[in-house]
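Fold and geometry: a report
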Amino acid sequence: MNRRKALVVTGIAAVAGVGALVAGRAVRDRGGPQRPAGVPVGPFGADSTAEEVAAGLDLSGKVALVTGVNSGLGAETLRVLTLRGAHVLGTARTLEKATAACAPAGARATPFALELTDFDSVAACADAVRREGVALDMLVCNAGIMALPQLEQVNGLEKHFVTNHLGHFLLVNRLLDRVVAAPQGRVVVVSSRGYLWAPPEGIEFDNLSGRRGEYDPNRAYGQSKLANGLFSLELARRLGGTRATSNSVHPGIIRTNLGRHFPRWKKLLGELIGWTFMKSIPAGAATQCYVATNARIAGVSGRYFANCNPEIPGGRMEDAALAAKLWAVSAELTRKWLGPGSGS
């Protein structure tokens, strides 16, 4: 991408509310991202697809739990993992949606209901998965929401934080022993470069309700995506001494159902100029499929991946103290529902 095109795309995208993300891509195009020392860099990149990164793999006998399989990146992840022989436990907000999403994969997929804002539902889903009696080779925390136009709360907490972070925090903790039981279990947490939109202090622990100040959809989403990255970072630390790993990923900017809450003008703008910076769904699912399956990074944990390769993120994404505090607060907020297999 030349400088003029990068500036044009960045400027337009800033109006649409994704300027920080596209700006990051323009920087990569000019000079490339910073790579963490000692972490393998693979042959794939921004244009690689999920099928391409999994090509030639035999995942027979492996089990993956993928949240949000009824559309977008989750649906593509389910398709590619089952195509390579894995059995996918696929979740959606209702059993009907999960069943419809899993149907094309036949016997290689099993549907589960999971409503991330309802901790009783999360606990029930985890219990149902445990009854399958299988180890989890891959647990892909993919489901999420974005850009709710008005402040919404769940039990007094801002909804992005609950859906994108706390629901997955609870699910992973209730199933963590199943991940550790696998030969090399992997937790993959879908974050986003949207973490750059988080408040300067990172996580506003004194404002998890979202009521203080003027509500900003990007800020709320950014905080939840930072929480995803910090959760994975602290989880990786806690998995030290086991074969299991945890990493977070930025899938890219993709026009999926995640943007359903955007105002109409943003959706139209995306249709008009999205081709200049947006990935396809197959390309968007590539990084999470790569991190979930590639043997090259079997021992890599606590890292952030974008475009199928490790990057050193900015902001507070590698703040170990903040990650530990987030874990403690999250455990307290979900204490009633933490149960068998819990890592807390």
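Residues numbered from 1 in each chain as written. Predicted model: local features only at pLDDT ≥ 70, side-chain atom pairs only at ≥ 80, totals over all residues. Heavy atoms only, no water.

The next subject is the nonpolar core. Soluble globular proteins: nonpolar side chains tend toward being buried together. Formed by 51 residues in total, the largest nonpolar core has its most connected members in Leu 136, Leu 139, Leu 171, Val 172, Leu 175, Ile 203 and Leu 235. Element by element, the count of residues in this core is highest for helix H7 (residues 159–180), at ten residues. Those residues in contact with Leu 139 that lie beyond four places of it in its chain are Leu 65, Val 172, Leu 175, Val 179, Arg 186, Val 187 and Val 188. One finds Ala 64, Val 80, Val 249 and Cys 289 within the second-largest nonpolar core, a separate group that totals 34 residues. (Core = buried A, V, L, I, M, F, W, Y, C linked by side-chain atoms within 4.5 Å. Buried < 20%, exposed > 50% of the residue type's maximum accessible area, 1.4 Å probe, protein only. Helix = DSSP H or I, 4+ residues; strand = E, 2+ residues; numbered from the N terminus. Contact = heavy atoms within 4.5 Å.)

Moving on, we get to the sheet that holds strand S7 (residues 186–190). Pairing is mixed in the open sheet, where eight strands are placed in the order S3-S2-S1-S4-S7-S8-S9-S10. Unpaired on one side and paired on the other, strand S3 (109–113) and strand S10 (309–311) mark the two borders of the sheet. Here the strands of the sheet are splayed against their neighbours by 25 degrees on average, with no regard to which way each runs. Across three bridges, strand S8 (residues 245–250) lies against strand S9 (residues 304–306) in parallel orientation. Within S9, the residue paired with His 250 across the bridge is Ala 306. Packed on one face of the sheet, helix H4 (residues 72–83) meets strand S1 (63–66), strand S2 (87–92) and strand S4 (138–141) and runs near 170 degrees to S1. (Pairing = 2+ DSSP bridges. Axes fitted to C-alpha atoms, helices over the stretch in contact; angles between N-to-C directions.)

What follows is about the packing of H7 against helix H12 (residues 320–333). Running from N to C, H7 and H12 cross one another at 85 degrees; their axes reach a closest spacing of 10 Å. With respect to each other, H7 and H12 are oriented roughly perpendicular. On H12, the residues touching Phe 161, His 165, Leu 166, Phe 169 and Asn 173 of H7 are Leu 326, Trp 327, Ser 330, Ala 331 and Leu 333. For the contact of H7 with H12, the class distribution of residues is seven nonpolar, three polar and no charged. (Parallel < 35°, antiparallel > 145°, perpendicular 65-115°, else oblique. Nonpolar A, V, L, I, M, F, W, Y, C, P; charged D, E, K, R; others polar.)

On to the environment of Pro 282, then. Checked against the element boundaries, Pro 282 lands in helix H10 (residues 281–284). A C-alpha to C-alpha distance of 7.5 Å links Pro 282 and Leu 73, two positions 209 residues apart in sequence. In contact with Pro 282, other than residues within four places in its own chain, are Ser 48, Thr 49, Ala 50 and Glu 76.

Moving on, we get to the packing of helix H8 (residues 217–238) against H12. Running from N to C, H8 and H12 cross one another at 90 degrees; their axes reach a closest spacing of 8 Å. Classed by the angle they form, the pair H8 and H12 counts as roughly perpendicular. Every residue of H12 that contacts H8 at Ala 227, Leu 230, Phe 231, Leu 233, Glu 234, Leu 235 and Arg 238 is listed here: Ala 320, Leu 322, Ala 323, Ala 324, Leu 326 and Trp 327. A per-class count over the contact of H8 with H12 returns eleven nonpolar, no polar and two charged.

So, about the side chain of Asn 307. Among the structural elements, Asn 307 can be located in the loop between S9 and S10. Here the side chain of Asn 307 touches Lys 279 through a polar contact of 2.7 Å, side chain to side chain. (Polar contact = N/O pair within 3.5 Å; in protein donor to acceptor, adjacent residues only side chain to side chain.)

With that settled, consider unusual backbone geometry. Located in the positive-phi region is Asn 307, a residue other than glycine, with phi close to 50 degrees. Even without being a glycine, Cys 308 presents a positive backbone phi close to 65 degrees.

Turning next to helix H5 (residues 95–102). Burial in H5 covers these residues: Ala 98, Ala 101 and Cys 102. Across the axial projection of H5, the buried residues extend over an arc of 90 degrees, all falling on one side. For H5, the exposed residues lying more than 90 degrees away from the buried face are Glu 96 and Ala 100. (Arc of directions from axis to C-beta.)

The next thing to look at is the side chain of Thr 287. You can see Thr 287 is positioned in helix H11 (residues 286–293). Taking relative accessible area as the criterion, Thr 287 reaches 0% and is therefore assigned buried. Sequence-distant contacts of Thr 287, that is, excluding residues within four places in its chain, are made with Val 249, His 250, Phe 305, Ala 306, Asn 307 and Cys 308.

Glancing now at the pairing of S3. Pairing geometry for S2 and S3, over five bridges, is parallel. Bridge pairing links Ala 92 to Ala 113 in S3. With respect to chirality, the unit in which S2 leads through H5 into the neighbouring parallel S3 is right-handed. (Right-handed = clockwise from strand over helix to strand, strands pointing away.)

Glancing now at the environment of Glu 318. Along the chain, Glu 318 falls in the loop between S10 and H12. Along the primary structure Glu 318 and Leu 233 are separated by 85 residues, whereas in three dimensions their C-alpha atoms are 7.2 Å apart. In contact with Glu 318, not counting residues within four places along its chain, are Leu 233, Arg 303, Ile 312 and Pro 313.

No statement about biological role is implied by the geometric values presented.
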